Amino acid sequence: MARKTIIAGNWKMNLLPVEGEEMVAELKERIAPRENLEVVICPQMALVPLALDWLYDSGIQLGAQNCAEKLAGAYTGETSAELLKVLGCHYCLVGHSERRSLYGETDESVGGKTQTLLNMSIIPIVCVGETLEQRESGAHFDTIGAQVTAVFNKVDPEAWTRLVFAYEPVWAIGTGKTATPAQANEIHRFIRERIKELAGEIVANATSILYGGSANASNAADLLGKSEIDGLLVGGASLKAMDFSQIIASFK
Ligand code: 13P
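A few points on the structure.

The rules behind each value
Residues numbered from 1 in each chain as written. Predicted model: local features only at pLDDT ≥ 70, side-chain atom pairs only at ≥ 80, totals over all residues. Heavy atoms only, no water. Near = heavy atom within 4 Å. Polar contact = N/O pair within 3.5 Å; in protein donor to acceptor, adjacent residues only side chain to side chain. Areas by Shrake-Rupley, 256 points an atom, 1.4 Å probe, with all protein chains shown as cover. Nonpolar A, V, L, I, M, F, W, Y, C, P; charged D, E, K, R; others polar. Axes fitted to C-alpha atoms, helices over the stretch in contact; angles between N-to-C directions. Helix = DSSP H or I, 4+ residues; strand = E, 2+ residues; numbered from the N terminus. Parallel < 35°, antiparallel > 145°, perpendicular 65-115°, else oblique. Left-handed = near helix turned anticlockwise from the far one by under 90°. Contact = heavy atoms within 4.5 Å. Pairing = 2+ DSSP bridges.

Some details on the site of the ligand
Every residue lining the ligand is accounted for by N10, K12, H96, E168, A172, I173, G174, G213, S214, L233, G235 and G236. Contacts to the ligand include H96, whose side-chain N or O atom sits 2.7 Å from an oxygen atom. Contact between the ligand and G235: an oxygen atom at 2.9 Å from a main-chain N or O atom of the residue. Relative to its free-state accessible area of 310 Å², the ligand is covered by the protein chains to the extent of 95%. Along the lines of polarity and charge, the residues of the shell around the ligand split into three nonpolar, seven polar and two charged.

Given below as structure tokens:
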């Protein structure tokens, strides 16, 4: 089964309504829907209902950046997966390194959120990756292996083929320092091997693994050209329609 290629823009805590609307309007002029490519935009939460309108009939999918592990109730400030579903989100990021490092998300809570999203038929894009310190001390394989394992420990086997992963080395996020395509491919292969051990070959071969971390119009084609890289999760370069459309155009 051919894996789906996904290019997702994580706007993080950027863009006000006028800016987001302009960005999407320009993006729609610059790109045409393509059968073999899924383009996704993940705006900050309050923009999600607006973005559903902006993206109407564009073929571009809507994603959120985070959701609660719990279903509903007294969890001030949280957003339920059920609400994301009602608001039209097809995707949701989970366990982004900023959430892990700034908001205390653990491998276990990331696994729990992933299952919660799957219960709502939202595709989770589970982010994994090592810090610079972990890479320099040679702990990157163990770190990433544990992050991936925790997800499979929490997720029902019937949902395994609906998972998407994103490898985002923390040292490459927002730093202008990209993992080389070879470095990224090595980790992607490791993740796929780990999935194979945990869930079998069919699941491993079906799972799209995106790369994120200073992806831009200059390096996108090389990254996407690697056998194990099934797409990109783009931060800074997804905020401008011109940059993001060039990244999308580099997928052949
Ligand atoms: P940058 O592309 O800005 O490095 O961010 C990557 C990222 O964190 C996407 O989720």
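Structural notes on the packing of helix α5 (residues 107-119) against helix α7 (residues 140-154)
Where α5 contacts α7, the two axes come as close as 8 Å, and the packing angle between them is 45 degrees. Relative to α7, the element α5 lies oblique. In this structure, the crossing between α5 and α7 has a hand that is right-handed. Side by side, α5 and α7 meet where D107, E108, G111, G112, T114 and Q115 of the first sit next to A146, Q147, A150, V151 and K154 of the second.

Points about the sheet that holds strand β8 (residues 231-234)
In space, the eight strands of this closed barrel follow the order β1-β2-β3-β4-β5-β6-β7-β8, with parallel pairing throughout. Shown here is a sheet whose adjacent strand axes are inclined to one another by a mean of 25 degrees, direction ignored. As judged from the six bridges shared by strand β1 (residues 5-10) and strand β2 (residues 37-42), these two strands associate in the parallel manner. In the sheet register, A8 faces β2, and the bridge partner there is V40.

Don't take any of this as a statement about function, it's just geometry.
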